[in-house]
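Report on the structure
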Amino acid sequence: MKWLLRGLMVLLAMALAAVVSLLAYRQLALPRTEGRLQVEGLRAGLQIERDAHDVPTIRAASIDDAWFGLGFVHAQDRLWQLETHKRIGAGRLAEAFGPRAVDSDLFLRALGVRRTAQSQWELASPAVRAMLTAYAAGINAYLHGHLRARPPEFVLLGLQPDDWSPVDSLAWATMMAWDLGGNWSTELLRMRLALSMPVARIQQLLPPYPGERPLATADYAALYRQLEVGDGQPVQVADATDAVAALPWQIESGVEGVGSNSWVVAGMRSVTGSPLLANDPHLKFSAPALWYVARLEAPGLKVAGATIPGLPVVVLGQNERVAWGFTNTAPDVQDLYLERIDTNDPERYETPDGWAHFEIFPETIRVKGADDVHFTARQTRHGPVLSDAAAATRGLTGAGPVPRYAIALRWTALDLDASDTLAAGMAFDLAGSVDEFIAASTQYVAPMQNMVVADAQQIAFVSAGRVPLRRPDNDLKGLVPAPGWDARYDWAGTLSPTATPRERDPARGWIATANQRIHGPQYPHFITSEWAPPYRQQRIERLLAGRPLHSIESLSSIQADLLSTATQRLLPFLRRAQSEHPLAPAAQRELEGFEGTMAAERAAPLIFTAWVRQLTRGVFADDLGARLFDDQLGKRSFREALEGVLDRNDTSWCDDLGTPAVETCAQQVDTAFTRALTELQAAQGDDVGQWRWGRAHMARLEHRPFSSVPLLARWFELRTPVGGDAYTVNAARVGLRPDALTGELYLGEHGAGLRALYDLGARNRSRFMLSSGQSGIVFSTDYRNFVDRWAKVEYLPLWGDGRPGRLLVLVPR
């Protein structure tokens, strides 16, 4: 009996010791936010004062020390996020995650982001080099002198944090441009479709902007048949993100729903007499959020707003005189080229002037728990060869055991002077007027953004970024991969940065952008033919025009708006749907009075979305093939194509090729309704009145990598029910493909991770909200403290509430 009692006491003591150790570790993992620290690399002293919501105000004796302070607080609060950003930019994920990350690293090494960043660093201006050096020094000062315990991700994965270098910031800036681009993947989709479809049918599946005609091009389907680019095999992998689908994140680009809203109201339309500006960028949700709010003060600098860990500037925000916001332009700044390989010497490819050798870059990928992988990246005169590693190009480089073609990428963000984008970002933070801001925008390279800006007297919009010029005899227009040996498809320079679309002080008193076409039909230059549909922009403009004067509160109500005019477009077809399903009468009753408001607490948005998903599958999956359709549904909804099919009553699409009968569009509408009801009955039960859109449409803030570990996901991942869809102003893109991690449908994984409202007359009325919290350390109360407020579209003061906060003083060692 004594041995049993002793054993229990030993177990109890061990348990108690474990609890004490965990509590001690938890405390050590949180950064010090009060007191005095001596740090390496600081030129003079600085203060970091954190308010009740953990938003830091960095007060420095110089601007370089302010960048140092920003790096320091990023390391304090977002060290694991910095680590993932560094590893993605360098193609070093397999070092941390093992063999499942090798394909991802191969693609990133082929793209050459880190190599390009190194070259950009060597050519960067002294001001950019000083800024990046100071920022990196701030991160490393915390890492080496004041990190008391590694955040839990490092501990659980057995990793040590790496030093940060200025090149890492340049690489991450390129990856942000990658996230906001995607024309390359649409080019490959057109190319793949052209192997089995005529061009006219592809134009219906990927239609032009409303009211426009498709770009006139050569018959590229005939071109690809002539070149014999296909391998004749069924589609196995069609999307580049498949190469990293096994990872807890995807290196994605061109995902529909990645965009933003931004608008600015002139003083004559404001209750205060001063301009007001609103901005909410839509990117992939994550825990913690991509954004981190900070305030920086130094001689000549006073700015507050949203920063991105890894970058040493306030990206979106307000200084003492100017406020600004961005939306994605999504320009066509990526062109793919088919490079014909010399059959006698596969180390050469054809150019307009004869044969040239590929540039080669030996790469070694370290793999956790496995042997190193050796890889040779190649580059042509156009850019990196993606077909060496991108799954999206599989089956498109010719038949036979040896590829006849390579596929290379030309992209503005890989230009060696792209570090000028960070010079522009620094100038935005320092701008003293709209004029100075627009002048600074001429330095900006990528990703191209629609920038709205205001000072106390004027408002403006400028689309900033480098735009390629294509020759008049380029008969492919950048829509599909072009023969790289034909000089007419080469870029013919770039558009003058002063000739991009812009507008100043319009008579209507406001400017709104939401990824729509940003120029009229008379604009002489080509930006893109792949604008987002104008539903959000039209709704914003309608609400702006709906009252004579606006306030911060009215702008807030616009950001919260859940009316989907895209839903209104298709709703009449659903109302006419017939079904023998026993829940059909109840479902139709729920649709009565539904006018497209995608409220989380209603059933009608769920019924509508499930029906649209089933209808889209019924109309298009047989033509594309199930594998290619499912693959693309992870990136695009085909909504505009579906609208066109139903408007035309186009039986050529509605007919199911897998049956001998000829199905009509009305039959597809009915069948989709029945399938949707069966799906929802299984998911949410027999009582239609208890179905809820928000029960399925959860904003899922994915943690990288622990969302893929069920036991850890409950702690690290953040979720909350939300309304909306990709077409509402309060946007939350709907996942139409079962989630790769959980199998769930309709999750919201892209949306407004940041909302901001700026008052140019009184900075103390400016507001913000993030989707998660400031801290990236799961133990912190600031890891998730914004989630509920964000879901309710509430805000916090951008410039603080004036109350004293926790003060940390840094002094040079």
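Our subject is the structure listed above.
Now for a look at the structure at hand. Since the structure is predicted, the reported quantities are computational estimates derived from the model, not experimental observations.

**A few points about the side chain of Glu 663**
Looking at the secondary structure, you find Glu 663 in the loop between α21 (651–654) and α22 (665–684). An unpaired buried charge is present at Glu 663: no salt bridge exists, and Arg 675, the closest side chain of opposite charge, is 8.6 Å distant. Polar side-chain contacts of Glu 663 include one of 2.6 Å to the side chain of Thr 659. Not counting residues up to four positions away in its chain, the partners in contact with Glu 663 are Thr 651, Cys 654, Asp 655 and Asp 656.

**Some remarks on helix α6 (residues 126–145)**
Its 20 residues give α6 an end-to-end C-alpha distance of 28 Å, which sits within 8% of 28 Å, the value for a rise of 1.5 Å per residue. For α6, the full list of buried residues reads Val 128, Met 131, Leu 132, Ala 134, Tyr 135, Ala 136, Gly 138, Ile 139, Asn 140, Ala 141, Tyr 142 and Leu 143. Residues of α6 that are buried make contact with β1 (35–39), α2 (63–90), α5 (113–123), α8 (166–179) and α12 (420–430).

**Some thoughts on the environment of Asp 630**
Tracing the backbone shows Asp 630 in helix α19 (residues 626–633). Through-space distance from the C-alpha of Asp 630 to that of Glu 187 is 18 Å; in sequence the pair is 443 residues apart. Not counting residues up to four positions away in its chain, the partners in contact with Asp 630 are Arg 617 and Arg 737.

**Points about the sheet that holds strand β30 (residues 806–812)**
Pairing in this open sheet of 11 strands is mixed, and the strands run β1-β30-β2-β3-β6-β7-β8-β9-β16-β17-β21 from one edge to the other. Both outer strands of the open sheet, β1 and β21 (502–504), are each paired with one neighbouring strand and no more. Geometrically, the sheet is characterised by an average inter-axis angle of 20° between neighbouring strands, direction not taken into account. Where strand β2 (residues 46–50) lies against strand β3 (residues 56–60), 5 bridges are found, and the strand directions are antiparallel. Across the sheet, the residue bridging to Gln 47 is Arg 59, located in β3. In the packing of α12 onto the sheet, the strands contacted are β7 (301–307), β8 (314–319), β9 (323–328) and β16 (449–454), and the crossing angle to β8 comes to about 15°.

**Brief notes about the pattern of salt bridges**
Applying the stated criterion across every chain, the model contains 54 salt bridges. Its salt-bridge partner being Arg 539, residue Asp 561 comes within 2.9 Å of it at the nearest N-O pair. Taken together, the residues Asp 561 in the loop between α15 (552–559) and α16 (565–575) and Arg 539 in helix α14 (residues 535–545) connect sequence positions 22 residues apart. Given the relative accessible area of 14%, Arg 539 is considered buried. For Asp 739, the salt bridge identified is with Arg 700, shortest N-O distance 3.6 Å. With Asp 739 in the loop between β25 (732–734) and β26 (748–752) and Arg 700 in strand β23 (residues 698–701), this pair connects stretches of sequence that are 39 residues apart. On the accessibility criterion, Arg 700 (1% relative accessible area) is buried. When salt bridges that share partners are traced, they join Lys 284, Arg 700, Glu 702, Glu 717, Arg 719, Asp 739, Glu 744 and Glu 749 into one network.

**Some remarks on the packing of aromatic side chains**
Summed over all chains, the structure comprises 24 aromatic pairs. Pairing Phe 72 with Tyr 142 gives two aromatic rings, centres 5.4 Å apart and planes at 80°, and the pair type is edge-to-face. Here the residue Phe 72 occupies a position in helix α2, and Tyr 142 occupies one in helix α6, the gap between them amounting to 70 residues. Classification of Tyr 142 by relative accessible area gives buried; the value is 3%. Between Phe 326 and Phe 428 the ring centres are 6.2 Å apart and the planes differ by 80°, which places this aromatic pair in the edge-to-face class. Here the residue Phe 326 occupies a position in strand β9, and Phe 428 occupies one in helix α12, the gap between them amounting to 102 residues. Accessibility expressed as a relative area gives 7% for Phe 326, which makes it buried. Lying across the ring of Trp 485, Arg 340 places its NZ or CZ 3.9 Å from the centre.

**A short note on the nonpolar core**
With 234 residues, the main nonpolar core has Trp 291, Leu 296, Trp 611 and Phe 620 as its most contacted residues. Ranked by the residues each element gives to this core, the list is headed by helix α18 (residues 604–624), at 12 residues. When near neighbours in sequence (up to four residues on either side) are disregarded, Phe 620 contacts Leu 205, Phe 629, Phe 638, Ala 641, Leu 642, Val 645 and Trp 653.

**As for the packing of helix α9 (residues 183–194) against helix α11 (residues 220–227)**
Running from N to C, α9 and α11 point in directions that differ by 70°, and their axes come no closer than 9 Å. What the angle tells us is that α9 and α11 run roughly perpendicular. Counting all contacts with α9, which are made through Arg 190, Met 191 and Ala 194, the residues of α11 involved are Tyr 220, Ala 221 and Tyr 224. Looking at side-chain class alone, the contact of α9 with α11 contains 5 nonpolar, no polar and 1 charged residues.

**Focus: unusual backbone geometry**
Omega for the peptide link from Ala 446 to Pro 447 comes to -5°, which places this bond in the cis form. Summarising the element assignment, Pro 447 is placed in the loop between α13 (434–441) and β16. The residue after Arg 704, namely Pro 705, is reached through a cis peptide bond having omega 15°. With respect to the helices, strands and loops of the structure, Pro 705 is situated in the loop between β23 and α24 (710–716). Despite not being glycine, Asp 505 shows a phi value in the positive range, around 40°.

**What to know about α22**
The end-to-end C-alpha distance of α22, which contains 20 residues, comes to 28 Å, matching closely the 28 Å that a straight helix rising 1.5 Å per residue would cover. Of all the residues in α22, the buried ones are Cys 665, Gln 668, Val 669, Ala 672, Phe 673, Ala 676, Leu 677, Glu 679, Leu 680 and Gln 684. Among the structural elements, α16, α17 (584–591), α18, α20 (639–648), α21 and α23 (693–696) are those in contact with the buried residues of α22. Following α22 by one or two positions, Gly 685 has its phi on the positive side, about 100°.

**Quick word on the environment of Arg 148**
You can see Arg 148 is positioned in the loop between α6 and α7 (152–157). A sequence separation of 173 residues divides Arg 148 from Arg 321, and the C-alpha atoms of the two residues are 40 Å apart. Residue contacts for Arg 148: discarding those within four places in its chain leaves Gln 27, Leu 28, Leu 30, Pro 31 and Arg 32. Only 3.3 Å separates the side chain of Arg 148 from the backbone oxygen of Gln 27, close enough to count as a polar contact. In this structure the side chain of Arg 148 is engaged in a polar contact, spanning 2.8 Å, whose partner is the backbone oxygen of Leu 30.

**With respect to the environment of Gly 211**
Within the secondary structure layout, Gly 211 lies in the loop between α10 (199–205) and α11. For Gly 211, a relative accessible area of 88% corresponds to the exposed category. A sequence separation of 511 residues divides Gly 211 from Val 722, and the C-alpha atoms of the two residues are 32 Å apart.

Rules used in this analysis
- Residues numbered from 1 in each chain as written.
- Predicted model: local features only at pLDDT ≥ 70, side-chain atom pairs only at ≥ 80, totals over all residues.
- Heavy atoms only, no water.
- Helix = DSSP H or I, 4+ residues; strand = E, 2+ residues; numbered from the N terminus.
- Buried < 20%, exposed > 50% of the residue type's maximum accessible area, 1.4 Å probe, protein only.
- Lys, Arg positive; Asp, Glu negative; His and termini not counted.
- Salt bridge = Lys/Arg side-chain N within 4 Å of Asp/Glu carboxyl O.
- Polar contact = N/O pair within 3.5 Å; in protein donor to acceptor, adjacent residues only side chain to side chain.
- Contact = heavy atoms within 4.5 Å.
- Expected span 1.5 Å × (residues − 1).
- Pairing = 2+ DSSP bridges.
- Axes fitted to C-alpha atoms, helices over the stretch in contact; angles between N-to-C directions.
- Phe/Tyr/Trp six-rings, centres within 6.5 Å; stacked < 30°, edge-to-face > 60°.
- Lys NZ or Arg CZ within 6 Å of the ring centre and 35° of its normal.
- Core = buried A, V, L, I, M, F, W, Y, C linked by side-chain atoms within 4.5 Å.
- Parallel < 35°, antiparallel > 145°, perpendicular 65-115°, else oblique.
- Nonpolar A, V, L, I, M, F, W, Y, C, P; charged D, E, K, R; others polar.

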